[in-house]
Amino acid sequence: MSETGRPLNFLERIVQEDLESGKITRVKTRFPPEPNGYLHIGHAKSIWLNFGLAQNYGGECNLRMDDTNPAKEDEEYVEAIQRDVQWLGYQWAGKVRYASDYFDQLYEWALYLIRAGKAYVCDLSADEMREYRGTLTEAGKNSPYRERSVEENLALFEKMRAGEFEEGKCALRAKIDMSAPNINLRDPVLYRIKKASHHQTGDKWCIYPSYDYAHGQSDAIEGITHSICTLEFADHRPLYDWFINQLPVPAEPHQYEFSRLNVNYTVTSKRKLKQLVDENYVDGWDDPRMPTIAGMRRRGFTPKALRDFCEMAGVTKTDGVVEIGVLEHAIREDLNANSPRAMCVLRPLKVILTNYPAEKTEVFTAPGHPQRDDMPERQLPFGREIYIDQEDFRESANKQYKRLIPGRRVRLRNAYVIEAQEAIKDNTGNIIALHATYIEDTHGKDPADGIKPKAVIHWVAAHAHIDCEVRLYDRLFADVAPDAGGKNFLECINPNSLEILQGCKGEMGLSKATLEDRYQFEREGYFILDARYSSVDKPVFNRVIGLRDTWDKAAQPD
RNA sequence: UGGGCCGUCGCCAAGUCGGUAAGGCACCGGAUUUUGAUUCCGGCAUCCCUAGGUUCGAGUCCUAGCGGCCCAGCCA
């Protein structure tokens, strides 16, 4: 059991056993993203796992950019990655590492393999190499260049490094076994020629190490004890181990695999997320509907909620899809406990309290949070004219509807009980206002006649409120599995994933909201100022997530 | 059909020496409630992919099947 009372997951158990057996004296992990896109919810789990493991077992975790492919990478991403990791609440050991920091060492070790007769320069084209590789069920055959002499390989590799060959002309390969049942062992490529300048090393190199060759050795250099990756790399582990065994590396790291996080109704593939951004289906990598860390941050999710979600999802080797409801639960749980309450009318309907003196105003106080007294109270101006939500009044309704209908009373949250009289309409029949009466002496007490209202609704004074814009988000995809094979994920996009409401009316205290503050707009959900579009003149609130709603919408009358 | 990994409630997931199925989410009640929220209390797998077998006893061991995911980039 961990200190949280949760049973240990298989990786925690491995780390604990390695510590207890003395196999290692300190855990060292790393989070190794490739800076070729923004981090998403799946990376959040890897971050939580790697940093959390180090944290919980007294070790440390490095942040390493796996930057072995300059053609796809960019400095923009290395910066975004650092922001995201820190926002999630983690700090890497020392400075940010780059696989490119080790290019010199990796090159030396490549020479070592060549001298040991374990690597050779192969002139096969990419197509030829594929043919020689064989298939899943048939062994491959040796490259005609496989038996070049050490001297020749050394000379050729030097020419590769010096830029004397065109891209694709040749590659350095490990000499392992072309008939291995594991295709990764059929003489994998160690170095390929790429005449691209690198975001970290500039034009120093024109040959770049492959992931397989660079990753394990980088782990060894950094003293990583547990190199955690996702399931699809399990087949690479024999190769990972091969390099560690062949080379004079300073440590012997081990690779472990866990299943990647999948969430229904969302896509978590960098390629697809990039397409949504590039083709303007969303408003950038940090669009609040995106499952990117940047998007979730802008949406208003909290780092804690994300971490809790990862823990709830668990760490195993089972391929699975977690319901998005688990994520939503994690967010509501955190926000319910920690967000101050406020009232904001999203779709205003003016109500005139015909029996309330025209010149009179009052100010009511309301608790900052119903279950916490450490949050400051609020002041709520009240007057003859107020706004309530259009959905809280109906001219007629079935018996399940508990809110306002003509002749029925309802409690105004933190204020009086009122009773609806009649709807005022324009000449096209649209309701433009509501006449109602307030019941005296019902602030903080029930009506004297004993007829208690069945519902409580939120409101804001017409003479004292702030105007704002509210953005309601729904899931980006209408399909439970937009990522599933055979379908075009773009066709699964939910056309109603964003609803922008203008002219919303919030209580005065909301004018003090900062970019960090999340509020519960009572009866509506949790909201935060949008970091991109909000301004002092015009506040724009994002709905992080709605309140849980157990009222059966299907049972509502028209 | 070569290799690797996996199959416990609708979704995730405990179950470590075989001893008679944790927990979370969802869902369904019911209580409290000036948020149809929160909180609270109760319900929710005679069954662990299937079939045999071993055993006093198997989700846990054995055998044979079935199903799913991953691998043939000079991507990671």
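**So, the confidence of the model for chain A**
Should the pLDDT be low somewhere, the predicted coordinates at that spot are not to be read in detail. Of all residues in chain A, 98% have pLDDT values of 70 or greater, and the mean over the chain is 96. The complex model carries a pTM of 0.96, and its ipTM stands at 0.97.

**Things to note about the layout of surface pockets**
Of the pockets and cavities examined, the second largest pocket occupies roughly 870 Å³. Lining the second largest pocket we find 32 residues, and of these Pro32, Glu34, Asp66, Tyr211 and Phe233 sit closest to its centre. Secondary-structure elements contributing two or more residues to the lining of the second largest pocket are β1 (28–31), α2 (41–56), β6 (189–193), α7 (211–222) and β8 (226–230). Considered class by class, the residues forming the lining of the second largest pocket number 10 nonpolar, 12 polar and 10 charged.

**Observations regarding the protein's contact with RNA strand B**
Around RNA strand B sit 65 residues, and of these Arg13, Thr68, Ala313, Thr316 and Arg341 come closest. Within the side chain of Lys194, one N or O atom sits 3.2 Å away from a phosphate oxygen of RNA strand B. A distance of 3.2 Å separates a phosphate oxygen of RNA strand B from a polar atom in the side chain of His329. Secondary-structure elements contributing two or more residues to the surface near RNA strand B are α5 (126–133), β6, α11 (303–313), α12 (324–338) and β16 (409–412). Per-class residue counts for the surface near RNA strand B are 23 nonpolar, 21 polar and 21 charged.

**A closer look at the side chain of Asn69**
Looking at where Asn69 falls in the secondary structure, it is placed in the loop between β2 (60–65) and α3 (75–87). Here Asn69 falls in the buried class, since its relative accessible area comes to 12%. Aside from chain neighbours lying at most four places away, what touches Asn69 is Glu34, Arg192 and Lys194.

**Regarding the nonpolar core**
By size, the foremost hydrophobic cluster in this structure holds 50 residues, and its most contacted members are Ile47 and Val85. Examining the composition of this core, we find that eight residues originate from one element, α2, more than from any other. In this structure, this core is formed jointly by two domains, domain 1 (1–95 + 213–261) and domain 3 (270–300 + 468–545), each of which donates at least three residues. Core analysis: the second largest hydrophobic core is formed by 37 residues, Tyr107, Ala119, Leu172 and Leu190 among them.

**Regarding the packing of aromatic side chains**
The description of two aromatic rings rests on the distance between their centres and on the angle between their planes. All chains considered together, the criterion is met by 25 aromatic pairs. Both rings, one in Tyr356 and one in Phe382, keep their centres 5.3 Å apart while their planes meet at 80 degrees; by these two values the pair is edge-to-face. In this pair, Tyr356 is assigned in the loop between β12 (348–353) and β13 (361–366) and Phe382 in strand β14 (residues 378–383), connecting sequence segments 26 residues apart. Across the pair, Phe382 and Tyr356 agree in class, each one buried. The residue whose ring lies beneath Lys141 is Tyr132, and the NZ or CZ to ring-centre distance is 4.9 Å. Here Arg532 stacks its cationic end above the ring of Tyr533, 5.9 Å away from the centre of that ring.

**Describing the pattern of salt bridges**
Any two side chains of opposite charge can pair, on the condition that their charged atoms come close. The full count for this structure, using the stated rule, is 43 salt bridges. In this structure, Arg146 engages Asp187 in a salt bridge whose closest nitrogen and oxygen atoms are separated by 2.7 Å. Placement of the pair is Arg146 in the loop between α5 and α6 (150–161) and Asp187 in the loop between β5 (171–174) and β6, with a sequence separation of 41 residues. Per residue, the accessibility class of Arg146 equals that of Asp187, and both read buried. As a salt-bridge pair, Lys360 and Glu362 come within 3.9 Å of each other at their nearest N and O atoms. The class of Lys360 is partly exposed, set by a relative accessible area of 34%.

**Points about the packing of α11 against α12**
Orientation of α11 relative to α12, taken along the N-to-C sense of each, is 135 degrees, at an axis distance of 8 Å. In terms of axis orientation, α11 runs oblique to α12. By crossing handedness, the relation of α11 to α12 is classed as right-handed. Counted together, Lys304, Ala305, Leu306, Asp308, Phe309 and Met312 of α11 and Val326, Leu327, His329, Ala330, Ile331, Glu333 and Asp334 of α12 form the full contact between these two elements. Partitioning the contact of α11 with α12 into residue classes produces eight nonpolar, one polar and four charged.

**Re a negative patch on the surface**
A contiguous patch of negative charge, built from Asp74, Glu75, Glu76 and Glu79, is present on the exposed surface. Locating Glu75 in the fold gives a position in helix α3. On the basis of relative accessible area, Glu75 is assigned to the partly exposed category, the value being 30%.

**Here's the deal with the sheet that holds β16**
Ordered in space as β19-β16-β17-β18-β12-β15-β20, the seven strands form an open sheet in which the pairing is mixed. Lying at the two open borders of the sheet, with one neighbouring strand each, are β19 (456–457) and β20 (459–461). Pairing geometry for strand β15 (residues 385–389) and β20, over three bridges, is antiparallel. When the sheet's bridge partners are listed, Ile386 is paired in β20 with Ala461.

**What about the state of the cysteines?**
A complete count under the given rule lists zero disulfides for this structure. Among the cysteines around Cys206, which has no disulfide bond, Cys170 carries the closest sulfur, lying 9.9 Å off.

Reading the values: the criteria
- The residue numbers shown here count from 1 along each chain, following its written sequence.
- Working convention: letters from A go to chains and numbers from 1 go to ligands, in the order in which they are written.
- Since the coordinates come from a predicted model, pLDDT governs what is reported: local features require at least 70, and pairs of side-chain atoms require 80 or more to be given and counted, while whole-chain, interface and lining totals use all residues.
- Values reported for side chains reflect all heavy atoms of the structure, with hydrogen atoms and water molecules removed beforehand.
- Every residue carries a pLDDT, the predictor's confidence in it, which falls somewhere between 0 and 100.
- Note on definitions: the grid is 1 Å and covers protein atoms alone; a cavity is a set of points where a 1.4 Å probe fits but cannot get out; a pocket is an open set with protein on both sides within 12 Å along at least five of seven lines; lining residues have an atom within 4 Å of a point.
- Grid points are joined across faces, edges and corners, and a volume is the space filled by probe spheres set on the points.
- Put simply, DSSP H or I for four residues or longer makes a helix, DSSP E for two residues or longer makes a strand, and each gets a number counted from the N terminus.
- Residues are sorted three ways: Asp, Glu, Lys and Arg are charged, Ala, Val, Leu, Ile, Met, Phe, Trp, Tyr, Cys and Pro are nonpolar, and all the rest, Gly among them, are polar.
- We call a residue near a given molecule or strand whenever any one of its heavy atoms falls within 4 Å of it.
- In protein, a polar contact means a hydrogen-donor-capable atom and an acceptor-capable atom, both N or O and within 3.5 Å, with residues adjacent in sequence counting only if both atoms are side-chain atoms; elsewhere, any N or O pair within 3.5 Å suffices.
- The buried label applies to any residue whose accessible area, calculated with a 1.4 Å probe on protein chains only, is under 20% of its type's maximum; exposed applies above 50%, and partly exposed to all values in between.
- Any pair of residues with heavy atoms lying within 4.5 Å of one another is described as a contacting pair.
- In these notes, a set of buried Ala, Val, Leu, Ile, Met, Phe, Trp, Tyr and Cys residues joined through side-chain atoms within 4.5 Å is what counts as a nonpolar core.
- These domain limits were set by an automatic method or by a database of domain assignments.
- Any two of the Phe, Tyr and Trp rings considered here, Trp counted by its six-membered ring, make a pair once their centres fall within 6.5 Å; the pair's planes then place it as stacked at under 30 degrees, edge-to-face at over 60, or tilted in between.
- Any Lys NZ or Arg CZ that is within 6 Å of a ring centre and within 35 degrees of that ring's normal is treated as a charge sitting over the ring.
- Salt bridge, as applied in this entry: a Lys or Arg side-chain nitrogen positioned within 4 Å of an Asp or Glu carboxyl oxygen.
- The angle between two axes is taken between their N-to-C directions and runs from 0 to 180 degrees, where each axis is a line fitted to C-alpha atoms and a helix contributes only its stretch in contact.
- Working rule for angles: under 35 degrees goes down as roughly parallel, over 145 as roughly antiparallel, 65 to 115 as roughly perpendicular, anything else as oblique.
- Two helices cross in a left-handed way if the nearer one is turned anticlockwise from the farther one by less than a right angle. They cross in a right-handed way if the turn is clockwise.
- Put simply, a patch holds well-exposed residues, over 30% relative accessible area, that have no salt bridge, with like charges counted together within 9 Å and Val, Leu, Ile, Met, Phe, Trp or Tyr side chains within 5 Å.
- For the accessible areas, the method is Shrake-Rupley and the probe is 1.4 Å, while residue cover comes only from the protein chains on display.
- We count Lys and Arg on the positive side and Asp and Glu on the negative side, and we leave His and both chain ends out.
- One atom stands in for each charge, and that atom is NZ of Lys, CZ of Arg, CG of Asp or CD of Glu.
- Here the rule is simple: two strands pair whenever DSSP picks up at least two bridges between them.
- Cysteine sulfur pairs qualify as disulfides if the two atoms are within 2.5 Å.

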